[in-house]
Structures are given as C-alpha cells and as structure tokens.
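Examining the three-dimensional arrangement
If you want the building blocks of each chain, they are given just below.
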Amino acid sequence: MAERIPIASDHAGYELKERLRAALAEQGFDVDDIGTHGTASTDYPDYAHPLAQQVSEGRVKRGVLLCGTGLGMSYTANRYPGVRAAVAWSPDVAELARKHNDANVLVLPARFVSDEDALAILHRWLSTDFEGGRHEKRVSKIERDEADDASAGDEA
Ligand code: RB5
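Now for a description of the structure that goes with this document. (Residues numbered from 1 in each chain as written. Predicted model: local features only at pLDDT ≥ 70, side-chain atom pairs only at ≥ 80, totals over all residues. Heavy atoms only, no water.)

Another aspect to go through is the overall build of the chain. Counting its secondary structure elements, the chain contains seven helices and five strands. Order of helices (α) and strands (β) in the chain, N terminus to C terminus: β-α-β-α-β-α-β-α-β-α-α-α. In terms of overall size, the chain behaves like a compact globule, its C-alpha atoms giving a radius of gyration of 16 Å where 156 residues would be expected to give roughly 15 Å. Burial analysis of the chain (156 residues in total) assigns 46% to the buried set. Accessible area of the chain: about 8,600 Å², with a carbon and sulfur share of 47%. Counting 18 positive and 27 negative side-chain charges, the chain places the averaged centre of each group 4 Å from the other. (Helix = DSSP H or I, 4+ residues; strand = E, 2+ residues; numbered from the N terminus. Rg over C-alpha atoms; globule rule 2.2 N^0.38 Å. Buried < 20%, exposed > 50% of the residue type's maximum accessible area, 1.4 Å probe, protein only. Areas by Shrake-Rupley, 256 points an atom, 1.4 Å probe, with all protein chains shown as cover. Lys, Arg positive; Asp, Glu negative; His and termini not counted. Charge placed at Lys NZ, Arg CZ, Asp CG, Glu CD.)

A few words on the site of the ligand. Taken together, Asp10, His11, Ala12, Tyr44, Cys67, Gly68, Thr69, Gly72 and Arg111 form the complete shell of residues around the ligand. Take Asp10: an N or O atom from its side chain is 2.6 Å from an oxygen atom of the ligand. Side-chain polar atom of Arg111 to an oxygen atom of the ligand: 3.2 Å apart, as the coordinates give it. A total of 290 Å² of accessible area belongs to the ligand in isolation, and the protein chains cover 72% of it. When the residues that make up the shell around the ligand are grouped by side-chain class, the tally is three nonpolar, four polar and two charged. (Near = heavy atom within 4 Å. Polar contact = N/O pair within 3.5 Å; in protein donor to acceptor, adjacent residues only side chain to side chain. Nonpolar A, V, L, I, M, F, W, Y, C, P; charged D, E, K, R; others polar.)

Glancing now at a positive patch on the surface. On the surface, Arg134, Lys137, Arg138 and Lys141 cluster together to form a positively charged patch. Within the secondary structure, Lys141 is located in the loop between α6 (134–140) and α7 (146–151). Assessed through its relative accessible area of 62%, Lys141 is described here as exposed. (Patch = residues over 30% accessible without salt bridge, like charges linked within 9 Å, V, L, I, M, F, W, Y side chains within 5 Å. Salt bridge = Lys/Arg side-chain N within 4 Å of Asp/Glu carboxyl O.)

Ordered in space as β2-β1-β3-β5-β4, the five strands form an open sheet in which the pairing is parallel. The strands lining the two open edges of the sheet, one partner per strand, are β2 (30–35) and β4 (85–87). Between one strand and the next, the sheet's axes are offset by a mean angle of 20°, whatever the strand orientation. (Pairing = 2+ DSSP bridges. Axes fitted to C-alpha atoms, helices over the stretch in contact; angles between N-to-C directions.)

Purely geometric stuff here, so don't read any function into it on its own.
Written out as structure tokens, the structure is:
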C-alpha cells in the first residue's frame, strides 16, 4: 500500500507545494493535500496544526510543510509531542536532519529556495534514514519530561 504523506503550506508556499505535491504523487505516495489551495493570504498555523497532529498521533510517519521562511510552520509543528520539524534549505541539511535528528516533518522556506533545490531537498529527506546510535539518546532527550518540569522550581 502506498505511504500516505500529508503536505501543507500557506500562501507563500502554495506554488512550491503544488510542485512538490505532483512530485510526491509521481513517486507513488498517497498525497494528502491539506491546503492552502490558492494564493490568497492565509495563516500558517491553520495548516501546520492538522499536519503535525497526524504525525504526533502516529497516523502518518512523516509530512511536508512550506511557508515563506519555514519558521512559522516549524514553530507550530514542533509544539506537538513526537514531532521533529526541520527547516531545510539544502539537500545536505535535509540529509543531516534525517541522519542525526530523525526529522519527521520537512519544512521548506519557499521564498528562499528554487523549485529545483526544493525537489532535491525533498528527495534527500525522503531517501535518508535515521542513523540511530549516539543520536538515539539525543533525540530521546528532546521531549520534555513533565514530571521534571513540575519540580524544576522546587530546589532551594
Ligand atoms: C507570510 O508572509 C510569511 O510570514 C509566512 O509564510 C512565513 O514565512 C512565516 O513564518
């Protein structure tokens, strides 16, 4: 069965999203296009939330977000437990985001990458595995332990 992969953008990422959506479909993915569906001005959190929720709940393995800088989308997605959203501006960054950080959401800064570079970044991110090993412990330390948070201010 084809892997289901959600993709979403705001207006700044819309045109590039269309390119990436087509590329993913060509590669055989079952693409879930969350929007936006045009160039009218939108608010990026409205699109990041539903995608990050799917990843956080384990309904999909990974997803792709786009906005102008990649920042608003990554801030929003990274508020969800288990979501590791990485802004990647080059194929090498995308590769390291997978190898070292096990990034499960790729975020593209649509106003700062060419279509060609974005396709190369997407391809590298999709085709690179997490290295594990020493990175496993580091990635596991990302999630905040709520019990520790609650007692953090208790020390004299
Ligand atoms: C929209 O103008 C822009 O602010 C948005 O796409 C994104 O870059 C925010 O982080």
